[in-house]
Amino acid sequence: MPTVLEIIPDQLREEVNAAVSWFNARENASFEVTGIVDPPNAAGSGEDLRLVLCGEGVCRQETFKVAASEDLSSVQWLGLDHAQDSAGVAELDPPPGARRTWLKDVAERHTFVVLLFYRGFW
């Protein structure tokens, strides 16, 4: 069973930020990282970063490799591994952080709210 963390470990924060910034620039989007799946034990280990990214009305699990360098400028997007995609879907639903503010705002404006979440799409 995969381990999914809401809070990015301090030692991985720079690599994760580099990956998300690179992905947002590439996709011309504003995704936020809401979790990390099976995080590596140490930064610069060369292990893949499996991130849960939410934004643009969708949540995605994407995999990156960030080269260990001073400026962390070398990010490689490994795409979506469909074998990993089907593993642990329940642990990723709903995304833990990206929608909290949105949900709070909507709930305060309305007396009744129906929220439909289906496999990453809002």
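Here, every reference points to the structure presented above.
Described below are features of the structure shown in this document. (Residues numbered from 1 in each chain as written. Predicted model: local features only at pLDDT ≥ 70, side-chain atom pairs only at ≥ 80, totals over all residues. Heavy atoms only, no water.)

What follows is about unusual backbone geometry. Excluding glycine, most residues fall at negative phi; most peptide bonds, likewise, are trans. Positive phi values are uncommon outside glycine, yet Asn28 reaches one of about 50°. One can find Asn28 in the loop between helix H1 (13-27) and strand S2 (32-37). For Asp38, which is not glycine, the phi dihedral falls at a positive 45°. With respect to the helices and strands, the residue Asp38 is situated in the loop between S2 and strand S3 (49-55). (Helix = DSSP H or I, 4+ residues; strand = E, 2+ residues; numbered from the N terminus.)

Turning our attention to the pairing of S2. Across two bridges, strand S1 (residues 4-5) lies against S2 in antiparallel orientation. Across the sheet, Val4 pairs through a bridge with Val37, a residue of S2. Pairing of S2 with S3 involves five bridges; the strand directions are antiparallel. In the strand pairing of S3, Val37 is matched with Arg50. (Pairing = 2+ DSSP bridges.)

Here we come to the pattern of salt bridges. Using the criterion set out here, one finds five salt bridges in the structure. The closest approach of N and O atoms between Asp10 and Arg13, which form a salt bridge, is 2.9 Å. (Salt bridge = Lys/Arg side-chain N within 4 Å of Asp/Glu carboxyl O.)

The next point concerns H1. Over its 15 residues, H1 extends 21 Å from the first C-alpha to the last, a length consistent with the 21 Å expected when each residue adds 1.5 Å. All of the buried residues in H1 are Glu15, Val16, Ala18, Ala19, Val20, Phe23 and Asn24. Against the buried residues of H1 lie S2, S3, strand S4 (58-66) and strand S5 (75-79). Among the residues trailing H1, Asn28 stands out with phi positive, at a value near 50°. (Expected span 1.5 Å × (residues − 1). Buried < 20%, exposed > 50% of the residue type's maximum accessible area, 1.4 Å probe, protein only. Contact = heavy atoms within 4.5 Å.)

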